[in-house]
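Read off the chains here:
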Amino acid sequence: MAALVKRVGWPVRPLLPAVQTWDFDARRWVRALRRSPVKVLFPSGQVVDRKPGAGKQPRKAAAQASPHVQRLKQPPQVPPSQTPSTWEESGLRYDKALPGDKRLSSVMTIVKSRPFREKQGKILLEGRRLIADALKAGAVPKVFFFSRLEYIKELPLEKLKGVSLIKVKFEDIKDWSDLVTPQGIMGIFAKPDHVKMAFPETQLHHSLPLLLICDNLRDPGNLGTILRSAAGAGCSKVLLTKGCVDAWEPKVLRAGMGVHFQVPIINNLDWEAVPDYLPTDTRVYVADNCGLYAQAQTSNKASDHGWVCDRQLSKFHKYEEEEEEEGQDLETGASKAWLPELEVQSYDLDWTEVPAAVVIGGETHGVSLESLQLAESTGGKRLLIPVVPGVDSLNSAMAASILLFEGKRQLRLRAEHWSRDRSYH
């Protein structure tokens, strides 16, 4: 074998003298060869260009030629605020509901039932605007269910500390939502207390010595519309007696469009407690929605004198029938002595010389006997809204709007006259 090598004349170690002459580290040289350098710089200062092999391109050129290859090699970047199960920003954290999670359904069962809602002291608010108004007014949130993290980021972060944040599927929110187009966020709040609420300064500045008392209002849409009219007219307070629909019913909240956090609302009151919420020297006026002024003055039927609850007064009719059967001679005037006698006044005449409270009754059940007695004890009257004969009574929300804005008009004229007289003197 050695003889064959000598005869051919192949050099055995041709690179050893060169390596020793260059004083190069062999390992670095091998590593450089593996990296396929574009140029080689020798210790003597000589620069040798290396041409890429067939089918090969420099890294920079290859990256420019096929940028999608580089994108495929890079790992997908996930923002830290959208991690699958935890979100920590300003000390906040949210949980992602797993399949079979019953927290949303259990809470919805409670807040959608009035007895459970009153027992637990919680209400349901849906929609970003309504939730933002509640937080601004000082309502205390307990739990938020949302489908997208952006909905939570829109809310004030300082209001969310200590609140349970649960991310659920949009389909789950849609199943429990009362909206036609759900907004992807629902909030469970502690039932607001009007004493602790921070109402807007603009609303407080335009508040008038005008109150609204709702009696036997059972329709959620009507009540929500009436609350909007009360806030728009500048009512200082709204009182709801027992027998009315819950002011925090989801349908009432949706019809109210956020006015629950603009005007104080006292819910579920007994008539014995109503005078405690009235300012001193307040007169109570009852909305009279009969069609004819003369009919209201001459008719003996309670229903013709306005929105009077026939069901609540039926026991008095039954008592009268029993008296007649026993042979007692009742005169025509005495037969209606149980009904408080209130003077009927047109709604456009002055009735706001002192603080006034207007009673609005429901269309089906009407006002209660207690409201008439309260009006009589305070020196109030019936306010008649005349309509064309043969036309049925006005909608409760419409009648309330007419009376409240008429009261506002009278108070504005009185303030202008007082200001004009003061300027003269």
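Predicted model, so just to flag it, every value in this text is computed and none were measured.

Note on placement: N216 falls in the loop between β8 (208-215) and α12 (220-233). Reaching out from N216, the side chain makes a polar contact with the side chain of D215 at a distance of 3.5 Å.

Counted residue by residue, strand β13 (residues 356-361) has six buried out of six residues, so it is predominantly covered. Pairing of β8 with β13 involves six bridges; the strand directions are parallel. Within the sheet, the bridge partner assigned to D215 lies in β13 and is G361. Alignment of strand β11 (residues 283-288) against β13, held across four bridges, turns out to be parallel. Paired with V284 across the two strands is A357, which belongs to β13.

Further remarks concern the confidence of the model for the protein. When pLDDT is averaged along the protein, the result is 77; 69% of the residues meet or exceed 70. Across residues 14-22, where pLDDT falls below 50, the model places three contacts with residues more than four positions away in sequence or in other chains. Counting contacts from residues 68-76, a segment whose pLDDT is below 50, to residues more than four positions away or on other chains yields one contact.

Take the pattern of salt bridges next. Inspection of the entire model under this criterion finds 13 salt bridges. With a closest N to O distance of 3.5 Å, R128 and E154 form a salt bridge. In this pair, R128 sits in helix α8 (residues 128-137) while E154 sits in the loop between α9 (149-153) and β6 (164-167), placing the two residues 26 residues apart along the sequence. The class of R128 is partly exposed, set by a relative accessible area of 30%. A salt bridge links E343 to K381, with the shortest nitrogen-to-oxygen separation between them at 3.8 Å. Of this pair, E343 sits in the loop between α15 (310-325) and β12 (344-346) while K381 sits in the loop between α16 (369-377) and β14 (382-384); the two residues are 38 residues apart in sequence, bridging distant segments of the chain. You can call E343 exposed: its relative accessible area is 51%. Through salt bridges with shared partners, one network takes in R117, D246 and E249.

All right, on to unusual backbone geometry then. Where the residue is not glycine, phi is negative for most of them; where a peptide bond is considered, it is trans in most cases. Located in the positive-phi region is M257, a residue other than glycine, with phi close to 55 degrees. With respect to the helices, strands and loops of the structure, M257 is situated in the loop between α13 (250-256) and β10 (265-269). You can call M257 partly exposed: its relative accessible area is 43%.

Let us look at the nonpolar core. Note on soluble globular proteins: their nonpolar side chains tend to be buried together. Ranked by size, the top nonpolar core spans 61 residues in total, and within it L125, F144, F189, L212, C214, V238 and F261 carry the most contacts. Of all hydrophobic cores here, the second largest spans 18 residues; its members include L239, V286, L374 and A375.

Rules used throughout
Residues numbered from 1 in each chain as written. Predicted model: local features only at pLDDT ≥ 70, side-chain atom pairs only at ≥ 80, totals over all residues. Heavy atoms only, no water. Helix = DSSP H or I, 4+ residues; strand = E, 2+ residues; numbered from the N terminus. Polar contact = N/O pair within 3.5 Å; in protein donor to acceptor, adjacent residues only side chain to side chain. Buried < 20%, exposed > 50% of the residue type's maximum accessible area, 1.4 Å probe, protein only. Pairing = 2+ DSSP bridges. pLDDT = per-residue confidence, 0-100. Contact = heavy atoms within 4.5 Å. Salt bridge = Lys/Arg side-chain N within 4 Å of Asp/Glu carboxyl O. Core = buried A, V, L, I, M, F, W, Y, C linked by side-chain atoms within 4.5 Å.

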